[in-house]
Amino acid sequence: MLDHCSISHKGGVVLWSRSFTPEASHLASSPSSPVNSLIREALIEGRAAEEKYEKDGYAVKWTFFNDLELIFVVAYQRILQLTYVDDLLAALKALFIKLFEPFLTSFVASLHAIKNGRLASAAARDAPKSWNFAKAFEGWDGIFDRLLKGFEDKAAQERKSRFRTVAAAPPSYSPPSDDLSTDPSESSIAVQDEQDISRNFQALKSRLRGRGGRRGGRGMMRVESGSGRDSLPASDSESVSKKTKGKAQRKWGESAPSETEMASLDFSTDKPDSSKNGHLSHDLQSLVDKASLGSRTRDGLYEVKDWDFDSKHDAITRTLNNEDAKPSGSLGALGSLFSRLTGSKALTEQDLKPVLEGMKQHLMKKNVAMEIADKVCEGVGESLVGKKVGGFQTTSNAVRTALSSSLTRILTPKTSTDLLLSIRTKLSSPLPSAQQRIPYSITFVGVNGVGKSTNLSKVCFWLIQNGLRVLIAACDTFRSGAVEQLRVHVRNLSMLGVNGATNSKGRVELYEKGYGKDAAGIAKEAIAYAKDNDFDVVLIDTAGRMQDNEPLMRALAKLVAINTPDKIIFVGEALVGNEAVDQLTKFDRALRDFSSASGSGKGRGIDGMLVTKWDTVDDKVGAALSMTYVTGQPIIFVGCGQTYTDLRQLRVANVVQAILSD
């Protein structure tokens with residue numbers, strides 16, 4: 001049974017709708033309705049290629065008629081398995097267009113005229129009268145009811161026929177046979193008499209008793225077994241030799257190292273003689289790349305540089321705008337394919353199929369996950385089917401605009417990426433006199449070896465340059481050397497000055513409790529310590545873990561539920577392809593599910609991404625598209641080097657340009 005069905009224009013005008021339950025009727029008029037959520041979270045963001053959209057227990061399916069810019073939507077309870085929905089949508093679209101195409105054509109033309117300001121004043125006054133949808137679609141309710149009833153009856157008959165087929169299936173048995181060869185024969189194994197059974201039972205008891213507390217006892221006899229492999233020691237000397245035999249202790253040198261020797265091997269702290277003649281032994285030039293330094297705004301804020309993709313040509317634009325160009329690669333064939341489409345012709349799926357396949361191959365070469373490339377191309381195809389083209393140039397513009405618009409919608413963040421603004425807003429918010437200010441906390445999560453600790457230190461450098469005091473919480477209590485690595489970063493960051501100062505001591509500290517401790521407890525203690533000592537930001541480093549490891553994901557969700565960080569940043573590599581989808585999907589889902597189960601309130605998911613090793617992929621920046629498509633969250637920073645200044649911001653236009661480049 002359906003809950004809601006509607007037909008609307010892409011501009012937001014609802015032409016017809018029907019709700020089948022009072023609850024669905026009430027929900028349809030609210031902003032949180034499944035249809036409004038579909039438009040807001042799927043269609044506007046370029047996720048129209050999804051097979052089904054789910055929201056608050058509802059499943060929503062839809063289809064387009066691009067020539068008249070119409071959207072047909074059906075919503076039903078997710079728990080129901082309605083197999084006829086796709087066929088209903090196709091029939092609904094075909095029948096509605098067939099019956100009301102003249103009115104719809106004039107309606108869409110009037111909308112475009114009003115939008116472009118070309119409609120005369122008299123016509124503008126008469127336009128609302130001609131948009132009397134109740135009169136224009138008179139009789140459609142009855143037609144729709146008959147159409148829906150036909151599909152429901154057909155589905156019910158199919159269910160009954162399947163049930164009858166299963167119920168009428170005869171039981172499988174073999175009739176009795178007169179053939180003597182089918183009579184059961186006696187087992188070929190000889191039947192053991194009582195004495196054999198008793199003898200084997202006593203042997204088993206003796207063997208089990210010998211394996212217990214009397215192993216190696218004096219006078220114990222060997223027990224013969226069927227295989228002869230299980231036996232007991234015949235003497236005490238044999239037992240003693242087996243007990244004393246073991247791995248010999250390895251000795252490093254002639255004696256154990258002293259405390260002085262151990263201290264000399266610890267390079268994570270400064271030595272008393274680390275400076276000579278007032279000059280630090282550390283090479284500060286290697287920690288900061290002056291060419292990668294950001295800039296100061298008029299307000300004195302430090303901003304990291306933008307990642308810039310230098311390309312003189314856009315492959316798709318160059319290929320599509322040059323009809324006589326020689327095809328090159330997967331995208332070079334687009335021009336020759338579209339050059340055969342001439343005259344006023346509406347594009348069909350067959351026309352677009354080879355072009356979309358070439359587009360998909362190009363996106364995959366740019367390191368876009370195959371699943372995401374499929375959905376992007378399907379979305380572009382659905383926006384072009386039914387479009388009328390008047391020549392090669394028009395087609396070229398339509399294809400390029402559709403692809404560029406789709407990529408831009410996906411990559412445009414729904415929330416602000418200004419992390420510094422969020423921090424300052426929280427720190428400057430008024431508090432009661434008795435309440436103490438809570439620092440802004442950021443948790444870094446991700447799989448093993450992607451560079452969480454390194455890029456955490458880059459973010460810390462950026463925060464220090466903006467005059468904030470930072471506490472780093474060492475919550476990776478599993479990996480050997482994780483605490484020492486952060487200690488080295490804190491030491492280096494303390495030596496780097498801010499605005500000409502010689503050092504940054506006092507602006508950054510490390511909070512650590514060693515190894516083997518509860519990460520959630522350490523994070524909680526670190527936030528309390530930062531609160532008592534007037535730190536502005538707490539950066540929480542966590543251990544790397546694979547997305548399929550449920551115990552470790554539960555532990556991470558526990559840390560999130562207990563400490564409720566202001567931001568959860570997923571750190572991922574730019575080198576991954578299809579793996580990016582799997583990592584982000586499972587991280588986000590596990591955090592939401594487990595944090596809601598272990599804590600109170602709604603579960604927390606990923607709030608943003610930091611993509612590392614960005615300098616290794618050149619223009620193959622498809623991981624950014626895959627990650628943003630999966631979560632809908634923005635990429636806040638990208639890491640592109642080994643120094644503390646190698647942090648960049650992404651601009652949507654630059655990423656789109658890199659993806660479209662040949």
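Residues numbered from 1 in each chain as written. Predicted model: local features only at pLDDT ≥ 70, side-chain atom pairs only at ≥ 80, totals over all residues. Heavy atoms only, no water.

> Any details on a nonpolar patch on the surface? Residues and values, ideally.
A surface patch of nonpolar side chains, amounting to about 330 Å² of accessible area, comprises Met1, Ile79 and Leu80. Looking at where Met1 falls in the secondary structure, it is placed in the segment before strand S1 (2-9). (Patch = residues over 30% accessible without salt bridge, like charges linked within 9 Å, V, L, I, M, F, W, Y side chains within 5 Å. Areas by Shrake-Rupley, 256 points an atom, 1.4 Å probe, with all protein chains shown as cover. Salt bridge = Lys/Arg side-chain N within 4 Å of Asp/Glu carboxyl O. Helix = DSSP H or I, 4+ residues; strand = E, 2+ residues; numbered from the N terminus.)

> Summarise the packing of aromatic side chains; cite the residues concerned and give the values.
Under the criterion given, the structure shown has 21 aromatic pairs. Taking 6.2 Å as the distance between ring centres and 85° as the angle between the ring planes, the aromatic pair formed by Phe103 and Phe133 counts as edge-to-face. Taken together, the residues span a long stretch of sequence, with Phe103 in helix H3 (residues 85-116) and Phe133 in helix H5 (residues 133-136) at a distance of 30 residues. According to the relative accessible area criterion, Phe103 is buried, its value standing at 17%. A relative accessible area of 17% means that Phe133 is categorised as buried. Linked through ring pairs, Trp16, Phe20, Phe72, Phe96, Phe100, Phe103, Phe107, Phe133, Phe137, Trp140 and Phe144 together constitute an aromatic cluster. Against the face of Phe535 rests Arg469, its NZ or CZ located 4.0 Å from the ring centre. (Phe/Tyr/Trp six-rings, centres within 6.5 Å; stacked < 30°, edge-to-face > 60°. Buried < 20%, exposed > 50% of the residue type's maximum accessible area, 1.4 Å probe, protein only. Lys NZ or Arg CZ within 6 Å of the ring centre and 35° of its normal.)

> I'd like a rundown of the pairing of strand S4 (residues 58-65), residues and numbers included.
Counted residue by residue, S4 has seven buried out of eight residues, so it is predominantly covered. Two elements, strand S3 (residues 53-55) and S4, share three bridges in a ladder whose sense is antiparallel. From the neighbouring strand, Tyr53 faces S4, where its bridge partner is Val60. Following S3, the chain reverses through two residues before pairing antiparallel with S4; Asp56 in that reversal takes a positive phi of roughly 50°. The pairing of S4 with strand S5 (residues 70-77) spans eight bridges and is antiparallel. (Pairing = 2+ DSSP bridges.)

> How would you sum up the sheet that holds S5? Please name residues and give values.
Spatially, five strands are ordered S2-S1-S5-S4-S3 in an open sheet, and the strand pairing comes out antiparallel. Edge positions in the open sheet fall to strand S2 (14-19) and S3, since each of these has one partner strand only. The average undirected angle you get between the axes of adjacent strands in this sheet is 15°. (Axes fitted to C-alpha atoms, helices over the stretch in contact; angles between N-to-C directions.)

> Give me the packing of helix H16 (residues 452-465) against helix H17 (residues 482-495): which residues, what numbers.
Relative orientation of the contacting elements H16 and H17 amounts to 25°, with a least axis distance of 10 Å. Regarding the angle of H16 to H17, the classification is roughly parallel. For the pair H16 and H17, the crossing hand works out as right-handed. Here Ser453, Thr454, Leu456, Ser457, Cys460, Phe461 and Ile464 of H16 lie close against H17, whose contacting residues are Gln485, Leu486, His489 and Leu493. Tallied by class, residues from the contact of H16 with H17 come to six nonpolar, five polar and no charged. (Parallel < 35°, antiparallel > 145°, perpendicular 65-115°, else oblique. Left-handed = near helix turned anticlockwise from the far one by under 90°. Contact = heavy atoms within 4.5 Å. Nonpolar A, V, L, I, M, F, W, Y, C, P; charged D, E, K, R; others polar.)

> Talk me through the sheet that holds strand S18 (residues 608-612); I want residue IDs and the actual numbers.
Strand order in this open sheet of nine strands is S10-S20-S19-S18-S17-S13-S16-S14-S15, and the pairing throughout is mixed. Only two strands of the sheet have a single neighbouring strand rather than two, namely strand S10 (305-306) and strand S15 (508-511). Bridge analysis of strand S19 (residues 635-639) against strand S20 (residues 647-649) gives two bridges, and the strand direction is antiparallel. Across the sheet, residue Val638 finds its bridge partner in S20, namely Arg648. Sheet strands in contact with H17 are strand S14 (470-475), S15 and strand S16 (537-542), and its direction is about 165° off that of S15. Relative to the sheet, helix H21 (residues 622-631) contacts strand S17 (567-573), S18 and S19, its axis offset from that of S18 by approximately 160°.

> How would you summarise the nonpolar core if you had to cite specific residues and measurements?
Counting residues in each nonpolar core, the largest one holds 96 residues, and the members touching the most others are Phe444, Trp462, Leu463, Leu539, Trp614 and Phe637. Contact partners of Phe444, with chain neighbours within four places excluded, come to Lys452, Leu456, Val459, Leu539, Ile540, Thr542, Ile569, Val571 and Leu610. Counting 33 residues, the second largest nonpolar core, distinct from the first, contains Phe72, Phe107, Leu111 and Leu147. (Core = buried A, V, L, I, M, F, W, Y, C linked by side-chain atoms within 4.5 Å.)

> Describe empty space enclosed by the protein, listing the residues and the values that go with them.
Left-over empty space is what a probe sized like a water molecule reveals as it rolls over the atoms. Using the criterion set out here, one finds four cavities of 30 Å³ or more in the structure. What the largest cavity holds in volume is close to 60 Å³. If you go around the largest cavity, the residues you meet are Asp3, His4, Ala24, Leu27, Ala28, Ser33, Pro34, Val35, Tyr58 and Ala75. Elements with a minimum of two residues in the lining of the largest cavity: S1, helix H1 (22-28) and helix H2 (34-43). No other element matches the three residues that H1 contributes to the lining of the largest cavity. Looking at side-chain class alone, the lining of the largest cavity contains seven nonpolar, two polar and one charged residues. (1 Å grid on protein atoms, 1.4 Å probe; cavity = no way out; pocket = protein on both sides within 12 Å on 5 of 7 lines; lining within 4 Å. Points joined across faces, edges and corners; volume = space filled by probe spheres on them.)

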